[in-house]
Amino acid sequence: MNTKKELTKFFTWLRNGICFAVTWFLILDLISRSVAGAETIRVEYLVKLVLWTSGGVLIFCTMFTELIVKRLGFTARLSIFMGILTLYELAYFHSIGILTHLCSYQLLLFLAIIIPSYLISLGIYFIFRKKKGELYTNSLHKYQQERKAVNEQ
């Protein structure tokens, strides 16, 4: 493993992820505040938004680069990421007063979003992996046939 390359990838993903996620959540918040008729956003709220979002991006970068977690496949990385991120999101929602009771309909709604998202991600990965596997197998067969034809001459 090239540590310098992984370190560069980690910090590039961290920078890009934080910029994208904070911008996305800020746009969603502005839309919801506009609909609700709110005219201001508190600075403390923005600081919390940036810090909590940065934490989520840090979890992503940690799990999907090989800087810290070195020898796991994609499925294991995704599963661990979803588990840690779910706990992280629960902590965030609890800190802002949502999901204060673990037996609430809000928790059921939360899980109804998280579990299908995880299963859809796995499904997309398995479909992608199957197509790449077929492409690789076909290329290997073609190469073997070409080598066989060259060796027979």
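Starting from 1, residues in each chain are numbered consecutively following that chain's sequence as written. Per-residue local features of the predicted model are confined to residues with pLDDT of at least 70, and side-chain atom pairs are confined, for both listing and counting, to 80 or more; whole-chain, interface and lining totals are unaffected and use all residues. Excluding hydrogens and water, the side-chain figures rest on all heavy atoms present in the structure.

Colleague: Break down the overall build of the chain for me, citing the residues and quoting the values.
Modeller: Each helix corresponds to a stretch of at least 4 residues labelled H or I by DSSP, and each strand to a stretch of at least 2 residues labelled E; elements are numbered beginning at the N terminus. Looking only at helices and strands, the chain has four helices and zero strands in total. Of the regular secondary structure in the chain, the N- to C-terminal order runs α-α-α-α. The C-alpha atoms of the chain give 22 Å as radius of gyration, which overshoots the globular expectation for 153 residues (15 Å, by more than 25%). If one aligns the C-alpha atoms of the chain with their principal axes, the spans along those axes are about 80 × 35 × 30 Å. When the 153 residues of the chain are sorted by exposure, 22% land in the buried category. Taking contacts inside the chain between residues at least 6 apart in sequence as the whole, the part at least 24 apart equals 59%. Entry remark: accessible area of the chain is about 11,400 Å², with carbon and sulfur atoms responsible for 68%. Throughout, radius of gyration means the C-alpha value; the globule benchmark is 2.2 Å times the number of residues raised to the power 0.38. Burial status follows relative accessibility: with a 1.4 Å probe on protein chains alone, a residue under 20% of its type maximum counts as buried, one over 50% as exposed, and anything between as partly exposed. The contact rule is simple, with two residues in contact once any of their heavy atoms fall within 4.5 Å. Under the convention used here, a 1.4 Å probe and the Shrake-Rupley method define accessible areas, while residue burial counts only the protein chains that appear.

Colleague: So what's going on with the confidence of the model for the chain? Residues and values would help.
Modeller: Note on scores: pLDDT gives the predictor's confidence for each residue, bounded by 0 and 100. Confidence in the prediction of the chain, expressed as mean pLDDT, is 89, and 99% of residues score 70 or more. Within the chain, helix H2 (residues 43-64) carries the highest mean pLDDT (94), whereas helix H4 (residues 105-152) carries the lowest (87).

Colleague: Before we move on, can you summarise the environment of Val35 with the specific residues and values?
Modeller: Mapped onto the elements of the fold, Val35 is located in helix H1 (residues 3-36). Taking the C-alpha atoms as reference points, Val35 and Glu66, separated by 31 residues in sequence, lie 42 Å from one another.

Colleague: Mind laying out the packing of aromatic side chains, listing which residues take part and the relevant values?
Modeller: How two aromatic rings sit relative to each other is given by the distance of their centres and the angle of their planes. The aromatic pairing rule takes the rings of Phe, Tyr and Trp, using the six-membered ring of Trp, and pairs them if the centres are within 6.5 Å, calling planes under 30 degrees apart stacked, those over 60 edge-to-face and the rest tilted. Under the criterion given, the structure shown has twelve aromatic pairs. With 5.8 Å between their ring centres and 40 degrees between their planes, Phe64 and Phe74 make a pair best called tilted. Residue Phe64 is located in helix H2, and its partner Phe74 is located in helix H3 (residues 74-95); the two are separated by ten residues in the primary sequence. With a centroid separation of 5.7 Å and 85 degrees between ring planes, the pair formed by Phe93 and Phe110 is classed as edge-to-face. Remark: Phe110 occurs in helix H4 and Phe93 occurs in helix H3; sequence separation between them is 17 residues.

Colleague: Summarise the nonpolar core; cite the residues concerned and give the values.
Modeller: Nonpolar cores are built from buried Ala, Val, Leu, Ile, Met, Phe, Trp, Tyr and Cys residues. Side-chain atoms within 4.5 Å join them into one set. Of all hydrophobic cores here, the largest spans 13 residues; its most connected members are Met63, Phe64, Leu78, Phe81, Met82 and Phe110. Within the residue set of this core, elements represented by two or more residues are H2, H3 and H4. Those residues within four positions of Phe64 in sequence are excluded, and the remaining contacts are Trp13, Phe74, Arg77, Leu78 and Phe81. Residues Phe10, Leu14, Cys61 and Leu67 belong to the second largest nonpolar core, which totals six residues.

Colleague: Talk me through a nonpolar patch on the surface; I want residue IDs and the actual numbers.
Modeller: What goes into a patch is any residue over 30% in relative accessible area without a salt bridge, connected to like charges within 9 Å or, for nonpolar side chains (Val, Leu, Ile, Met, Phe, Trp, Tyr), within 5 Å. Note on definitions: salt bridges are taken to be side-chain nitrogens of Lys or Arg within 4 Å of carboxyl oxygens of Asp or Glu. Taken together, Phe20, Trp24, Phe25 and Leu28 make up a surface patch of nonpolar side chains, about 440 Å² in accessible area. With respect to the helices and strands, Trp24 occurs in helix H1.

Colleague: Can you break down the pattern of salt bridges residue by residue, with the values?
Modeller: The full count for this structure, using the stated rule, is three salt bridges. A salt bridge links Lys9 to Glu6, with the shortest nitrogen-to-oxygen separation between them at 3.5 Å. Separated by three residues within a single helix, Lys9 and Glu6 lie in helix H1, roughly one turn from each other. Of the residues examined, Lys9 reaches a relative accessible area of 29% and is grouped as partly exposed.

Colleague: Which residues make up H4, and what are the values?
Modeller: In a helix, the anticipated span is given by 1.5 Å times the number of residues less one. Across its 48 residues, H4 extends 70 Å between first and last C-alpha, which sits within 8% of the 70 Å expected from 1.5 Å per residue. Those residues of H4 that fall on the buried side of the exposure criterion are Leu107, Phe110, Ile114 and Leu122. Next to the buried residues of H4 lie H3.

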